[in-house]
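Now for the letters of each chain:
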Amino acid sequence: MHDHDHHHNHAHGHEHDNHYSDMQARVKALETLLTEKGLIDPAAIDAIVETYETKVGPRNGAQVVAKAWSDADFADWLKRDATAAIASLGFTGRQGEHMRAVFNTAETHNLVVCTLCSCYPWSVLGLPPVWYKAPAYRSRAVIDPRGVLAEFGLTLPEEKKIRVWDSTAELRYLVIPERPAGTEEMDEAALAGLVSRDAMIGTAIAGSPEALP
Amino acid sequence: MNGPHDLGGQMGFGPVAPEKDEPSFHAEWEKRALGITLSCGAFGAWTIDESRHARENIPPAAYLAVSYYELWIRGVETLLKRHGFATGEELLSGRKLQDGTAPKRVLKAEMVPAALAKGGPCDRPVETAPLFAAGERVKTKNFNPATHTRLPRYARARTGVVEAVQGSFVFPDDNAHGKGENPQWLYTVVFDGAEIWGEGADPSLTVSIDAWESYLERV
């Protein structure tokens, strides 16, 4: 343990490395125990991981946004009943049971946070990034959103209103960014390519077509 | 509870550090931690609200220092012990020493797609009509329960406006403690930045929370 403690305190800040062996052992012991007790199926864990690594992620949400940009009826449905509208594209399930879509406008920019834990719309964005779950974002998004956005490289005009949605219940919020100018000719698939995960949390805006590689 | 999790408005955590092209997981154990947590949730022995409360009860110094998946592991270990699925000795050794509680179900691989697609809806019907309507001014309660609540400290005793009645949902403050689902109407309540943060607040800021009916009083 002495070596470990020494390692822990070193100044290089590779915290993931430091926690790795401890947590690897702890989680391995837990999985072994629960498997031996017949309480879990390791293959189920593999299936869960595979789902969020390959099937459920921000490309789902980007499709929702692109359709909302392209189809006024769909956008209207999304405003009225986001859960149903999103389900119509096949995106349902855990941590997306009760969806709300919030639309950025020329006047208002929306930003989503969960100050109390890490509530996030898994069904359309996948698993949340580390920063979304970490104290810096959760503490400051509600009091200093402009400061937070600046750390993402986003500076909004002073007159733009900022609405922060603290996800304190089971409602999960998807930000629908404004459609960039100059995209009138683009189809849904191309439009979806302009929509980043962060734009659907509100820490970015949708990319302009000029920015595409 | 006024735990370390209630972070809104706290200071001193430094800048947000977005990671470019962040991977879904930063270590193999994080994958297993996710899967174990979801698999144990499938036992049907505790609610999502109880699991949130288990994480909130992690001592502040640890809560703020460890990674999020470590919080999950600490939380699930607490729940496994509390509900008799594993003893502390078993958790330390990783070996079965005795039989424990029988789960209502064990999540098998073939059940995963349907279970994830279904999720755990929390909307429930209530008999009564909502007390508040969109556009009404309301004040949040001032309370400091030692138990679970979803009313953040920064939003207590503040006056705001009901923007929407969102339906009726399981009441986590009760459900976290085995007191039943006791569903209530849920409202989106919007506050001006100045009402919450006072002097120096960003004048362009509004903040909303989703508040259960019993959190609110008419102004």
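Residues numbered from 1 in each chain as written. Chains lettered and ligands numbered in written order. Predicted model: local features only at pLDDT ≥ 70, side-chain atom pairs only at ≥ 80, totals over all residues.

As annotated in an unreviewed UniProt entry, chain B carries the name Nitrile hydratase subunit beta and is attributed to Rhizobium fabae. Under the UniProt heading Function (unreviewed entry), the note attached to chain B is "NHase catalyzes the hydration of various nitrile compounds to the corresponding amides." Heading Sequence similarities (unreviewed entry) of the UniProt record for chain B holds this comment: "Belongs to the nitrile hydratase subunit beta family." (UniProt positions renumbered as here; feature names shortened; annotations may be inferred.)

Labelled according to an unreviewed UniProt entry, chain A appears under the name nitrile hydratase, originating from Rhizobium fabae. In its Sequence similarities (unreviewed entry) section, UniProt records this for chain A: "Belongs to the nitrile hydratase subunit alpha family." You can read under Catalytic activity (unreviewed entry) in the UniProt record for chain A the words "an aliphatic primary amide = an aliphatic nitrile + H2O".

Engineer: With reference to specific residues and values, describe the interface of chain A and chain B.
Structural biologist: With 67 residues of chain A at the contact, the number on the chain B side is 70 residues. The set of elements that each furnish at least two residues to the side of chain A that touches chain B consists of helix H2 (15–36), helix H3 (42–55), helix H8 (130–133), helix H9 (135–140), helix H10 (145–151) and strand E3 (161–166) of chain A. For the side of chain A that touches chain B, the residue count by class is 35 nonpolar, 15 polar and 17 charged. Examined bridge by bridge, E3 of chain A and strand E4 (residues 205–212) of chain B share four bridges and lie parallel to one another. (Contact = placed C-beta atoms within 7 Å. Helix = DSSP H or I, 4+ residues; strand = E, 2+ residues; numbered from the N terminus. Nonpolar A, V, L, I, M, F, W, Y, C, P; charged D, E, K, R; others polar. Pairing = 2+ DSSP bridges.)

Engineer: How would you summarise the UniProt feature "domain: Nitrile hydratase beta subunit-like N-terminal" (unreviewed entry) in chain B if you had to cite specific residues and measurements?
Structural biologist: Look at the UniProt record and you will see "domain: Nitrile hydratase beta subunit-like N-terminal" (unreviewed entry) annotated at residues 1–103 of chain B. Between the end C-alpha atoms of residues 1–103 of chain B the distance is 29 Å, and the span holds 49% helix and 0% strand.

Engineer: Account for the UniProt feature "binding site: Fe(3+)" (unreviewed entry) in chain A, naming residues and giving values.
Structural biologist: All names here are of chain A. UniProt's entry tags Cys114, Cys117, Ser118 and Cys119 with the feature "binding site: Fe(3+)" (unreviewed entry), counted in the numbering of this structure. The topology assignment puts cysteine 114 in the loop between strand E2 (108–113) and helix H7 (122–125). You can call cysteine 114 buried: it has 24 C-beta atoms within 10 Å. When neighbours within four sequence positions are excluded, cysteine 114 is seen to be in contact with Cys119, Tyr120, Arg138, Asp166 and Ser167. Tracing the backbone shows cysteine 119 in the loop between E2 and H7. (Buried ≥ 20, exposed ≤ 12 C-beta atoms within 10 Å, placed from the backbone.)

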